[in-house]
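# A look at the structure
The lines below spell out each chain.
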Amino acid sequence: MITTASEAVASPARRKRVTLRKTIVTCAVMAAALLLAIVLMSLLGSEQLPVRASLCALASFGTSTCGLTQDQFDILFQIRLPRILLAAAVGGSLATAGAGYQALLRNPLAEPYLLGISNGAAVGTMIALVFFGAMEWTRPILAFTGALAATLAVYRLARGRAGATPERLILAGVIVTTFLSSVIVFVTVLMDATRIRSFTFWLLGDLSGTSKALLPVAITIAIAGALALTLNARSLNLLMLGERDAFDLGVEVGRVRIVVFVVASLLVGSSVAASGSVGYVGLVIPHLARLSLGSDNRISIPAAALGGALFVIVADTVARTVIAPRELPVGAITALIGAPLFIYLLRRV
Amino acid sequence: MLEARDLSVSYDHRVAVANVTLSLKQGEITAIIGPNGAGKSTLLRTLNGQLPRTSGNVLLDGEPIERLNRRNISRHIAVVAQEAELRFPVTVLEFVLGGRFAWATHSGWGWETERDLHVAESVLRETELSDLSSRLMNELSGGERQRALMARALATEAAILLLDEPTANLDLSHQATLLSVVRNRCNQQRSAALVVTHDINLAAAFADNILLMKQGRVIHSGSPAEVLRPEILQDVFEIRVLVDAHPVTGGPRVTPVHTDQSV
């Protein structure tokens, strides 16, 4: 029968149709906010930087020191800015992947972390760390492979005889998550004891170990992935209302499914390889995007990508400043916000 | 327009549709009736290319359906199914505009054109949903949702309509409205419709042809008067029925006779 679980994402009854103009305006405003956040958050941290000189140096894209000392210049351009850009890439990737999974699996609760897909990528990254430690480029590749394998496992497990219900999908996610967690424990034992602490932080989602080599990869994949899913947004709009109906209306369901699985796994893989499992971003951000802009993926996917970037930048700034000079893993902050929202959503689905 | 030749479908080692041959013609409504599990919905899904067939052919305007791409098929064949999943909030207008997907210049991307909006508005009027167009689908009643499904199928402008229990959630007056919409499409725009239904009297009233299915086979076909005969229905449904003339239309009227009533 007709499912009316959509009260889960209750919203104002009357809403204007989404147009290209509205999408462009919304994305431009959010991109401006993201840029502003990147600049502002780079001024915050345990080391106080002179505001005017820092802004001047940022505006010059690092070509001029604007009177900053070499140490201050390095803090800004070698430490903070790469970390903030990685936070943006990770947040954008995870939110985009979440929005993609939710539309494809017709489930507002689908999220890379909760479905165990982040854990799949984590296992891949760990295998790369333990066995191919010197070859950094193997990390995103094995992370992608792990994410894709976990995605397919969850998808197969969730499809029961009666079709995939929201509860069944989450249970499949729990099974995959716990199984992969024990794999992670096994691999951890293979590591030397000195690395275990940084490793535990990484597992919780940690941006402090930003790798110079992986940053451009993560940014490229985040942008390309968000574009790829946005270009399939109209198909996803129909898939959200059922695979059969989407097929009847002309959607090549099989092709779109493969695109979403591969693109979302790439997004999750690259962000986990760079920063571990930052949880709940893919749940909180797409939900907020749909709540404020409606369910049309043509606007909610790009908005989620930009919003996710913004969210993780802010969460990571909180993580590195709230008990400075000590740092929290950013995943602890996102989970603190995301878990209560998940409970709220679960009660309404 | 749409033809099936010697069509067979089986899954899980069970034959669901066996050697069905049928042809939908412009301006005609064909009804499929038969007991539960007779293969009616499977046949419908196979005609649309959704379920793989074991043998036989489906021809759309003379062309084998497997040679056509998905969007091309969707511009010619629209399906009204029994259910919609609504876990995300969409408005009635957004829902109905989904029917315009196959007409987009780029698959998967693009925005609705003026013409898309015009078509959507006109089918909303046709299905008496204009006032509800900005409401959310999950706020509607079952009958309103069923009409929205119908509106979305009409928005595809497909000349062939495949309807699976289209009147299941509708009250008497909306049953009549919906079927007259289908009738008008067939008369004015030279469409063809195939309707799976359990309501034999409804089939008798609006269909030009009736196919009677049992265990995957079409065992009788013809005009309502030819198919709806007591001996045939008793054989297929395994219940005694009374068939008399409808007081208004003069067509056949079927009344099941329950044995405990006749005692």
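Read on for an overview of the structure.

### A closer look at unusual backbone geometry
Phi is positive for A:Tyr280, which is not a glycine, with a value near 70 degrees. Position of A:Tyr280 among the secondary structure elements: in the loop between α11 (253-275) and α12 (281-293). Positioned with a positive phi, B:Asp6 is a non-glycine residue whose angle comes to about 50 degrees. A tally of 12 C-beta atoms within 10 Å means that B:Asp6 is categorised as exposed.

### Brief notes about the environment of A:Thr138
Residues and elements named next belong to chain A. Its place among the elements puts Thr138 in helix α5 (residues 138-158). Owing to 18 C-beta atoms within 10 Å, Thr138 belongs among the partly exposed residues under this scheme. On a C-alpha basis, the gap between Thr138 and Ala57 in space is 35 Å, while along the polypeptide they are 81 residues apart. With sequence-adjacent residues up to four places away left out, Thr138 is seen in contact with Ala128 and Phe132.

### Considering the sheet that holds strand β6 (residues 77-80) of chain B
All names here are of chain B. Read across the open sheet, the six strands follow the order β6-β7-β8-β3-β9-β10; overall the sheet is mixed. A single partner strand is all that each edge strand has here, and the edge strands are β6 and β10 (217-222). With direction set aside, neighbouring strand axes in the sheet form an average angle of 15 degrees. Together, β6 and β7 (160-164) form the strand contacts of helix α5 (residues 142-155), whose direction differs from that of β6 by roughly 175 degrees.

### Observations concerning the packing of α5(A) against α11(A)
Residues and elements named next belong to chain A. Between α5 and α11, the least distance of the axes is 7 Å, while the angle of their chain directions is 130 degrees. Comparing their axes, α11 and α5 come out oblique. As α5 packs across α11, the resulting crossing turns out to be right-handed. Contact residues: Arg139, Pro140, Ala143, Phe144, Ala147, Leu148 and Thr151 in α5; Phe261, Val262, Ala264, Ser265, Leu266, Val268, Gly269, Ser270, Val272 and Ala273 in α11.

So, how was this worked out
- Residues numbered from 1 in each chain as written.
- Chains lettered and ligands numbered in written order.
- Predicted model: local features only at pLDDT ≥ 70, side-chain atom pairs only at ≥ 80, totals over all residues.
- Helix = DSSP H or I, 4+ residues; strand = E, 2+ residues; numbered from the N terminus.
- Buried ≥ 20, exposed ≤ 12 C-beta atoms within 10 Å, placed from the backbone.
- Contact = placed C-beta atoms within 7 Å.
- Pairing = 2+ DSSP bridges.
- Axes fitted to C-alpha atoms, helices over the stretch in contact; angles between N-to-C directions.
- Parallel < 35°, antiparallel > 145°, perpendicular 65-115°, else oblique.
- Left-handed = near helix turned anticlockwise from the far one by under 90°.

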